[in-house]
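One letter stands for each residue in the lines below.
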Amino acid sequence: MLDYIKESYNELRNHVSWPTWAEAQKLTVIVAAFSIVLALAVFGVDKVFSNVVELYFNWIKS
């Protein structure tokens, strides 16, 4: 287990190419914006299906 931790640390330290701070900030903004857009899309689809189901049950009751 100790060897695994040492090798993992060595891999992260020496072989991973880390983004610059500016690049990390830009990518974070892109991910946040995409997440908001996707959440709004899911909310919209949920609202539409909710209204359709409500109309269907109101139609069945009448």
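The following paragraphs examine the structure supplied in this document. (Residues numbered from 1 in each chain as written. Predicted model: local features only at pLDDT ≥ 70, side-chain atom pairs only at ≥ 80, totals over all residues. Heavy atoms only, no water.)

**A few points about the overall build of the chain**
The number of helices and strands found in the chain is two helices and zero strands. Computed over its C-alpha atoms, the radius of gyration of the chain comes to 24 Å, more than 25% above the 11 Å expected for a compact globule of 62 residues. Its C-alpha atoms give the chain principal-axis dimensions of about 70 × 35 × 10 Å. For the chain, the exposed surface amounts to about 6200 Å²; the carbon and sulfur share of it is 70%. The averaged location of the 6 negative side-chain charges in the chain is 8 Å from the averaged location of its 5 positive side-chain charges. (Helix = DSSP H or I, 4+ residues; strand = E, 2+ residues; numbered from the N terminus. Rg over C-alpha atoms; globule rule 2.2 N^0.38 Å. Areas by Shrake-Rupley, 256 points an atom, 1.4 Å probe, with all protein chains shown as cover. Lys, Arg positive; Asp, Glu negative; His and termini not counted. Charge placed at Lys NZ, Arg CZ, Asp CG, Glu CD.)

**Topic: a nonpolar patch on the surface**
Residues Val53, Tyr56, Phe57, Trp59 and Ile60 make up a contiguous nonpolar surface patch of roughly 580 Å² in combined accessible area. Inspection of the secondary structure assignment puts Trp59 in helix H2 (residues 21–61). (Patch = residues over 30% accessible without salt bridge, like charges linked within 9 Å, V, L, I, M, F, W, Y side chains within 5 Å. Salt bridge = Lys/Arg side-chain N within 4 Å of Asp/Glu carboxyl O.)

**A few points about the packing of aromatic side chains**
All told, the structure shown has two aromatic pairs when counted by the stated rule. Where Tyr56 meets Phe57, the ring centres are 5.5 Å apart and the plane angle is 70°; that geometry is what we call edge-to-face. When its relative accessible area of 47% is taken as the criterion, Tyr56 is described as partly exposed. Judged by centre distance (6.2 Å) and plane angle (40°), the ring pair of Tyr56 and Trp59 falls under tilted. Taken together, the positions of Tyr56 and Trp59, both in helix H2 and three residues apart, correspond to about one turn of that helix. (Phe/Tyr/Trp six-rings, centres within 6.5 Å; stacked < 30°, edge-to-face > 60°. Buried < 20%, exposed > 50% of the residue type's maximum accessible area, 1.4 Å probe, protein only.)

**What about helix H1 (residues 2–14)?**
If you check H1, its first and last C-alpha atoms are 18 Å apart, about what 13 residues at 1.5 Å a residue would give, namely 18 Å. Among the 13 residues in H1, zero count as buried, and that is only a small part of the element. (Expected span 1.5 Å × (residues − 1).)

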